[in-house]
Amino acid sequence: MASGGEEREPEFQLITFFRFAAIEDPRAEVERHRAHIARNGWELRGRIYVNEQGINAQMSGRGREGEAYAKWVESDARFSGMRISVYPMEEQAHPRLALRYKPNLVQLEGGTNHLPLTDREARAKPLSPKEWHENLIKVNAGEADAPLLLDVRNGYEWDVGHFRGAERPVQESFRETVYTNAQDGLGPLAGIDKSKPIMMYCTGGIRCDVYSTVLREQGYTNVMTLEGGVQAYFDEYGKRGDQLWDDHLFVFDSRLAMAPDGRPSAELGEDAATLRCYCCGENTAPPPHRNCPNVDCNRLFLVCPGCSDKLDGFCCEACTKASHIRPSLVNPGRYEKYSNYDSPESRAARRGPGRSNRKVRRRQRRKLELAAYVLEHMTSVDESRARLVQSTGGTFADRTRSLIDASRTIVVEDEDDDDNDQADESDSEEGTINPALSRYSKQRATLREAYALLAKDQRTPENLVEAAEKIAEERKRMKRSEHEAKTPMM
């Protein structure tokens, strides 16, 4: 507070908001926003996405310029009533402004265009932070009528912090939530009564709203979300002694993690070092995550100061010997594109068979990670973690490599391009989502078949991958045989 009781003007502000609304010409809407920002000379940075289903923004601005922009958006009848979250900052929270049309406001396998996002009745019932807190007390007390608590964020976000009583998400990427949560024998929704109350949460609320339309489409009738997401809960309960959030909140801006009281976690110093270290397994790692300097690994992981010093910022001993590397980050942050660190010497070191060999090793490691994931859910957690430690030299408990990347390597290696988020070829023609036809389900089903074929003492990630590949090859051989039998001889 400034002298005289006046509020001190912020140097910068971080702003987040979203709103589902029917927009007839979203590209023209983007240009209208660009023109308004330019007319006012506002210095805005961040991501502002617009499409036929609404707007989604995580951005920052100089002084109160970001807040002024958000209020201008909210003054439009189509966006009226949207929640605007505002946080003071000492600097811009994003490097540049990306204001553009985007086919999907959030990334979900199969896309979101077919979902009735603009229909309020097709989405979950929103709970206020107070209502959410009261239900959360029931969950943690184990009451018979307590709802199922579902975290729909990415797995690595849970590692930084989560609501008390929430299990780690099955998925490592929200994109595959539709398939993993309902998957028989693995997902938290597998086999539950579709009338059972389900309360789910994410950071700001948009992912929950999107996913709730999928659940409603799949027949779940009692779905609830935390209105405004975890950020809204922090606004009301973050500084209270009875708040039910453990540790920190992963955020997608320069803070990388924030405490329930609203402060960036980096400001907490040693008091924030309570998370599990990927390298040693001790609860001595501070947020936020770091990326491994080895470009061919790029693992997102939590690490304690001791392991960071010992491994020079790398995630494991093997990565310290790689040639395709970036400089270790002195302070937490995000790496820039590798081209900013590349040199003629490092390019020369990657010529020849080295690059292809690294690609083979990377694929094999990802296959082992997916196999260990299946083992974790088919056997005891401790057994499967131990198997992965033996096979890869890493700790499986805090796996942060995206399982969406890991899963697709068993069949195909393709690029994950946010701008080209297309429906899975196995989705039905009507655009509805069928978890049973997902490539994730198919790949994991093959691994589970392999699991059933192996004796108990043979169930290691290596053997599971080998058996799954033999099953896949046998299926290909049978399909070729059937095709040749049907093809008339010339």
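Reading guide: rules and limits
By convention here, each chain's residues receive numbers from 1 onward along its written sequence. Per-residue local features of the predicted model are confined to residues with pLDDT of at least 70, and side-chain atom pairs are confined, for both listing and counting, to 80 or more; whole-chain, interface and lining totals are unaffected and use all residues. The basis for every side-chain value is the complete set of heavy atoms in the structure, and neither hydrogens nor water enter the calculation. Segments assigned H or I by DSSP are reported as helices when at least four residues long, segments assigned E as strands when at least two residues long, and all are numbered from the N terminus. Buried means the residue's accessible area, taken with a 1.4 Å probe over protein chains only, is under 20% of the maximum for its type, while exposed means over 50%, and partly exposed covers the values in between. Any two residues whose heavy atoms approach within 4.5 Å are treated as being in contact. Each accessible area is a Shrake-Rupley result for a 1.4 Å probe, and residues are judged covered by the shown protein chains and nothing else. Here, strands pair whenever DSSP counts at least two bridges between them. Angles run from 0 to 180 degrees between N-to-C directions of axes, and those axes are lines fitted to C-alpha atoms, restricted for helices to the stretch in contact. Within the patch definition used here, like charges are joined within 9 Å and nonpolar side chains (Val, Leu, Ile, Met, Phe, Trp, Tyr) within 5 Å, considering only residues with over 30% relative accessible area and no salt bridge. We define a salt bridge as a contact between a side-chain nitrogen of Lys or Arg and a carboxyl oxygen of Asp or Glu at a distance within 4 Å. Residues counted as positive are Lys and Arg, residues counted as negative are Asp and Glu, and His and the chain ends are not counted. In plain terms, the charge of a residue is placed at NZ if it is Lys, CZ if Arg, CG if Asp and CD if Glu. Here roughly perpendicular refers to angles of 65 to 115 degrees, roughly parallel to angles under 35, roughly antiparallel to angles over 145, and oblique to all remaining angles. Rotating anticlockwise by less than a right angle from the far helix to the near helix defines a left-handed crossing, while the corresponding clockwise rotation defines a right-handed one. Ten residues, namely Ala, Val, Leu, Ile, Met, Phe, Trp, Tyr, Cys and Pro, are considered nonpolar, four, namely Asp, Glu, Lys and Arg, are considered charged, and the remaining ones, Gly among them, are considered polar.

In the nomenclature of an unreviewed UniProt entry, the protein chain is known as Rhodanese-like domain of Ostreococcus tauri.

Participant: Explain the overall build of the protein chain here, please?
Facilitator: A tally of regular secondary structure across the protein chain gives 14 helices and 15 strands. Among the 490 residues that make up the protein chain, the fraction classed as buried is 52%. For the protein chain, the share of sequence-separated contacts (at least 6 apart) that also reach a separation of at least 24 residues comes to 68%. Looking at the protein chain as shown, the accessible area adds up to about 23600 Å², and 48% of this sits on carbon and sulfur atoms.

Participant: Can you help me understand helix 2 (residues 65-74) in this one?
Facilitator: Side chains that are three or four residues apart share a direction in an α-helix, a result of its 3.6 residues per turn. With seven of ten residues buried, helix 2 lies mostly within the body of the structure. Inspection of helix 2 places Glu65, Gly66, Glu67, Tyr69, Ala70, Trp72 and Val73 among the buried residues, and these make up the whole buried set.

Participant: When you look at the pairing of strand 2 (residues 44-51) in this model, what are you seeing that I'm missing?
Facilitator: The two faces of a sheet get side chains in turn, since along a regular strand they alternate between them. Within strand 2, six of the eight residues are buried, which leaves the element mostly enclosed by the surrounding structure. Once strand 2 ends, the chain turns through two residues before running back antiparallel as strand 3 (residues 54-62). Taken together, the five bridges between strand 2 and strand 5 (residues 97-101) define a ladder with parallel strand orientation. Among the inter-strand pairings, isoleucine 48 is bridged to a residue of strand 5, identified as leucine 99.

Participant: Even after reading the chapter, I still don't get the sheet that holds strand 3, so can you show me in this structure?
Facilitator: Strand pairing in a sheet relies on backbone hydrogen bonds, with the paired strands running either antiparallel or parallel. As summarised here, the arrangement of the five strands in space is 4-1-3-2-5, forming an open sheet in which the pairing is mixed. The sheet is open, and its two edges are formed by strand 4 (85-89) and strand 5, each paired on a single side. Adjacent strand axes in the sheet meet at a mean angle of 10° when their direction is disregarded. Lying over the sheet, helix 6 (residues 206-217) contacts strand 1 (12-20) and strand 3, oriented at roughly 15° with respect to strand 1.

Participant: I keep staring at the environment of alanine 285 and nothing clicks. Help me out?
Facilitator: With respect to the helices and strands, the residue alanine 285 is situated in the loop between strand 13 (257-258) and strand 14 (290-291). Residue class for alanine 285 comes out buried when judged on its relative accessible area of 0%. Residues alanine 285 and glycine 306, spaced 21 residues apart in sequence, show a C-alpha to C-alpha distance of 9.1 Å. Contact partners of alanine 285, with chain neighbours within four places excluded, come to Ala272, Ala273, Thr274, Leu275, Arg276, Cys277, Leu302, Val303 and Cys304.

Participant: Whenever I open this one, a negative patch on the surface confuses me. Can you help?
Facilitator: Together, Glu11, Glu90, Glu91 and Glu267 give the surface a local cluster of negative charge. When you line up the elements, glutamate 91 lands in the loop between strand 4 and strand 5.

Participant: When you look at the packing of helix 1 (residues 26-40) against helix 2 in this model, what are you seeing that I'm missing?
Facilitator: Packing of helix 1 against helix 2 leaves a shortest axis separation of 12 Å and a crossing angle of 140°. In terms of orientation, helix 1 and helix 2 fall into the oblique class. Here helix 1 runs over helix 2; the crossing is right-handed. Together, Arg32, His33, His36 and Ile37 of helix 1 and Tyr69, Trp72 and Val73 of helix 2 make up the contact between the two elements. Of the residues in the contact of helix 1 with helix 2, the class split is four nonpolar, two polar and one charged.

Participant: Explain the sheet that holds strand 6 (residues 125-127) to me, please; I cannot follow it from the model alone.
Facilitator: Here four strands make up an open sheet; going across it, the order is 6-10-9-7 and the pairing parallel. Two strands lie at the open edges of the sheet, namely strand 6 and strand 7 (148-151), each paired on one side alone. Taking each pair of neighbouring strands and ignoring which way they run, the sheet shows an average axis angle of 30°. Pairing analysis gives three bridges linking strand 6 to strand 10 (residues 223-226), with the strands arranged parallel. The partner of proline 126 across the bridge, within strand 10, is threonine 225. Across the sheet, helix 3 (residues 129-141) lies against strand 6, strand 7, strand 9 (198-201) and strand 10, angled at about 120° from strand 9, the strand it touches most.

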